[in-house]
Number of protein chains: 2
Amino acid sequence: MSEVAVHIAGNRSTGERNSNEPPAFSTREQTTLKSALENLIPNDSALQTCAQHHFAQSGKMLRGQLALMTGDTLGISAHAALAWAMSVELMHNASLVHDDICDKDETRRGKASVWAAFGAPTAICFGDWLTAQSFAHAAQAEVASGTRGLVSMAAQAMADLSCSQAHEFRQMKYPDWKTYEQIVTGKTVPLLTAGILGTLSMTACVDTQINNAVDKTFAALGQAYQIANDIDNFTGDDGHENLNHDLANAAPNAVIIIFRDGLKNGSRLAFDAWLEDPARIGASHWRDRILQTDAVQHTTDQVSQRLVAAHKSARSLPEDLRQIIAPLYNYLLHTCTSMGAQATGHNFQ
Amino acid sequence: MSEVAVHIAGNRSTGERNSNEPPAFSTREQTTLKSALENLIPNDSALQTCAQHHFAQSGKMLRGQLALMTGDTLGISAHAALAWAMSVELMHNASLVHDDICDKDETRRGKASVWAAFGAPTAICFGDWLTAQSFAHAAQAEVASGTRGLVSMAAQAMADLSCSQAHEFRQMKYPDWKTYEQIVTGKTVPLLTAGILGTLSMTACVDTQINNAVDKTFAALGQAYQIANDIDNFTGDDGHENLNHDLANAAPNAVIIIFRDGLKNGSRLAFDAWLEDPARIGASHWRDRILQTDAVQHTTDQVSQRLVAAHKSARSLPEDLRQIIAPLYNYLLHTCTSMGAQATGHNFQ
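Residues numbered from 1 in each chain as written. Chains lettered and ligands numbered in written order. Predicted model: local features only at pLDDT ≥ 70, side-chain atom pairs only at ≥ 80, totals over all residues.

Draft legend 1. The overall build of chain A, seen in detail. Counting its regular elements, chain A contains 17 helices and two strands. Counting every position in chain A, which comprises 349 residues, the buried fraction comes to 49%. Contacts in chain A between residues at least 24 apart in sequence constitute 77% of all its contacts with a sequence separation of at least 6. (Helix = DSSP H or I, 4+ residues; strand = E, 2+ residues; numbered from the N terminus. Buried ≥ 20, exposed ≤ 12 C-beta atoms within 10 Å, placed from the backbone. Contact = placed C-beta atoms within 7 Å.)

Dropping the structure here:
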């Protein structure tokens, strides 16, 4: 994978990069997606206001970018690739809007979440409108490419997401690592994989071996991505206004789970009692306790292990597809190295 | 239309019918749909429980029945017609589950609504799961019939539904008749029409004139259906546990709107003040006041007028399509006659 990383850096980087900054995702694809999202206007003034608020910070748009980059590499028509990229991005955003209501999460991308700003009923309708647009674009992608199966793929991803979300918030106990992995696999992997697999399905040649390799690679990268996001959330690098956000909300977070799984007897009981207390006073105390352990380091190791697994699976992919994975891989690699991946024993550079 | 009604009665009725009972919708189609819905099982135990609860009372399944009857009449493959019928039913149910959260409606089909029984977060996820299944079935219907356009039609209906729902609940004032008609046209008409138009689109011959006539006929029947449902809700015939349900919740209801539109000056101000008071004590008093006026009669007249309009539009439809409309038409006709349609001046029999 290291050669891919170097190759991509040569292709996409526009100059010297500060080694402390994460590798940039392609801004060309981001600009295309952002502009297309802004041109979608709901036929209702309240939902229009929601759309402006929500897409003012459009996020990394990783899923859509992966679809666009795959389409570019494989020579898919720009119209078809953009339609599918929009479909996965719109569905991802619909799930975020609804998940924030379920999880009572009041912030998203450093601003008020849609339900916090406009109320849960408007947010439910806005999520439904985004879902409708997602499927409209999946249908457009099928017509533009003359293929079938994209709508079914989007529907399967949405069914997986809604089941995983239902499973997550009704967990009575804070999840252990095994449960966390199941939740992440249901919530993060389907749409990340769909961006690439959907675009692949638009080519004449469908290769089961390649599909399986993409599946395995993205299962590993998707988990790594979610775990890395959790580390960012815990250490306060993700722009969340409240430090300790996941901790204060007792939201499943890889760092907290690894810390909790390492506690024994009375310590575990004391931490669980704190997590289960709705008041949850003193998050800073527990944050300090967690930072005194090697929980962040062990969580970073989990990202590293998944990068190794992704590297291994990606070997059976054609070179051009490996290139598509490189920006995401490099971003995760940067997360690991900046968090002390030298201690993991894997030298990715 | 009267000849159609008689014709259908001869085709579908299985014996003598008490003239006080509404004409039965076909039970064959209902049984097929109910069984297919029960076979859909979410991959999450909480959502499974939701599905069992929600579909224990599956409702009239009017939209799905219209699709199945159209498919039968036009010789569409049973698999394709059922897939599309399921798609519109699943989307209708998804919108009910989400709308009940938005409207804080605690009962549905005489039982606790999903959010009242399982909480809003689970209900949001269940609605999303139903939406995913709806689009999966629309895609199946496209493949089974070798056509395109059903997914786009479902997506357009969902976009219309979510915009209308957002518009409805954030109305600060109780709607007047004009606003009510707009809301109903957005919320009831799209999926009723989609059941028939989607199935029509699966035939080789698409006839714009027929599509327009179906559109106009169902715009009229859809409004008539919603207004008739509102009369049932107001008079307590719809199985809602709480009499005065819409009144007590200040929910838009055709009878209440016609009563309110007829009030002048101080009376209107007094009623508006009561509607806007969250406590809304004394719904029975206002119900009695409304029943002392001719509001129910005038509302029934609105149903009658739309039946006349539907009758007129349906004249340009082929006989076999007119037959499909007859059961719904007869049901609405019964609603009118049992509510005193003799006073409307239209003799539908």
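Don't stop here, the text continues.
Draft legend 2. Seen up close, the interface of chain B and chain A. With 35 residues of chain B in contact, the opposing surface of chain A contributes 35 residues. Mapped by element, the contributors of at least two residues to the side of chain B that touches chain A are α3 (45-56), α5 (78-102), α7 (120-145) and α8 (150-169) of chain B. Counting residues per element, the side of chain B that touches chain A draws most heavily on α7 of chain B, at 14 residues.

Draft legend 3. Seen up close, the nonpolar core. Counting 194 residues, the largest nonpolar core has Ala 154, Leu 221 and Leu 332 of chain A together with Ala 154, Leu 221 and Leu 332 of chain B as the members making the most contacts within it. Looking at which domains feed residues into this core, each of domain 1 (27-152 + 165-170) and domain 2 (207-349) of chain B supplies at least three. (Core = buried A, V, L, I, M, F, W, Y, C linked by C-beta atoms within 7 Å. Domains from an automatic or database assignment.)

Draft legend 4. Focus on the relation of the copies chain B and chain A. Least-squares fitting of chain B to chain A yields an RMSD of 0.0 Å, with the transformation described by 0.0 Å of translation along the axis and a rotation of 180°. Within this description, the copies of the chain are treated as partners about a two-fold rotation axis. When the interface residues of chain B are mapped onto chain A, 100% of them again lie at the interface, so the same face is used by both copies. (Least-squares fit on C-alpha atoms with pLDDT ≥ 70 in both.)

Draft legend 5. Structural context of the environment of Leu 66 of chain B. All names here are of chain B. With respect to the helices and strands, Leu 66 occurs in helix α4 (residues 62-74). Since 29 C-beta atoms lie within 10 Å of it, Leu 66 is described here as buried. A sequence separation of 261 residues divides Leu 66 from Pro 327, and the C-alpha atoms of the two residues are 9.4 Å apart. Beyond its immediate stretch of four places on either side in the chain, Leu 66 contacts Leu 192, Gly 195, Ile 196 and Ile 324.

Draft legend 6. Structural view of the confidence of the model for chain A. Residues and elements named next belong to chain A. Per-residue confidence for chain A gives a mean pLDDT of 86, with 87% of residues at or over 70. Ranking the elements of chain A by mean pLDDT puts helix α1 (residues 2-12) last, at 33, and helix α7 (residues 120-145) first, at 98. The model gives residues 1-19 a pLDDT under 50, and that stretch makes 16 contacts with residues more than four places away or in other chains. Residue range residues 342-349 is modelled with pLDDT below 50. Its contacts to residues more than four positions away, or to other chains, number 11 contacts. The ipTM, which scores confidence in the relative placement of chains, is 0.88 for this predicted complex, and the corresponding pTM is 0.88. (pLDDT = per-residue confidence, 0-100.)

Draft legend 7. Region of the structure containing unusual backbone geometry. All names here are of chain A. Of note in this structure, Ala 250 is not a glycine but carries a positive phi near 50°. In this structure, Asn 265 is a non-glycine residue whose phi angle is positive, near 45°. When the 7 C-beta atoms within 10 Å are taken as the criterion, Asn 265 is described as exposed.

Draft legend 8. Local environment of the packing of helix α2 (residues 27-38) of chain A against helix α5 (residues 78-102) of chain A. Residue and element names in this part refer to chain A. Interaxial distance between α2 and α5 falls to 11 Å at its minimum, and their mutual angle equals 70°. Classified by the angle between their axes, α2 and α5 sit roughly perpendicular to one another. Residues Thr 32, Leu 33, Ala 36 and Leu 37 of α2 lie in contact with α5, whose contacting residues are Leu 82, Ala 85, Met 86 and Glu 89. Across the contact of α2 with α5, the residue classes tally to six nonpolar, one polar and one charged. (Axes fitted to C-alpha atoms, helices over the stretch in contact; angles between N-to-C directions. Parallel < 35°, antiparallel > 145°, perpendicular 65-115°, else oblique. Nonpolar A, V, L, I, M, F, W, Y, C, P; charged D, E, K, R; others polar.)

Draft legend 9. Structural view of the environment of Met 61 of chain B. Residues and elements named next belong to chain B. With respect to the element layout, Met 61 can be found in the loop between α3 and α4. It is 16 Å that separates the C-alpha atoms of Met 61 and His 137, two residues lying 76 residues apart in sequence. If sequence neighbours within four positions are ignored, Met 61 has contacts with Gln 30, Leu 33 and Glu 89.

Draft legend 10. Looking closely at helix α17 (residues 319-338) of chain B. Taking 1.5 Å per residue as the helical rise, α17 of chain B with its 20 residues ought to reach 28 Å, and the 27 Å between its terminal C-alpha atoms agrees with that figure. Its maximal kink placed at Ala 326 of chain B, α17 of chain B deviates by approximately 35°, while the proline Pro 327 of chain B follows within four residues. (Expected span 1.5 Å × (residues − 1). Bend = angle between axes of the 7 residues up to and from the residue.)

Draft legend 11. Layout of the packing of α3 of chain B against α7 of chain B. Residues and elements named next belong to chain B. Orientation of α3 relative to α7, taken along the N-to-C sense of each, is 80°, at an axis distance of 10 Å. Regarding the angle of α3 to α7, the classification is roughly perpendicular. In this structure, α3 uses Ala 46, Leu 47 and Cys 50 to contact α7, whose residues at the interface are Thr 122, Cys 125, Phe 126 and Trp 129. The residue makeup of the contact of α3 with α7, split by class, is six nonpolar, one polar and no charged.

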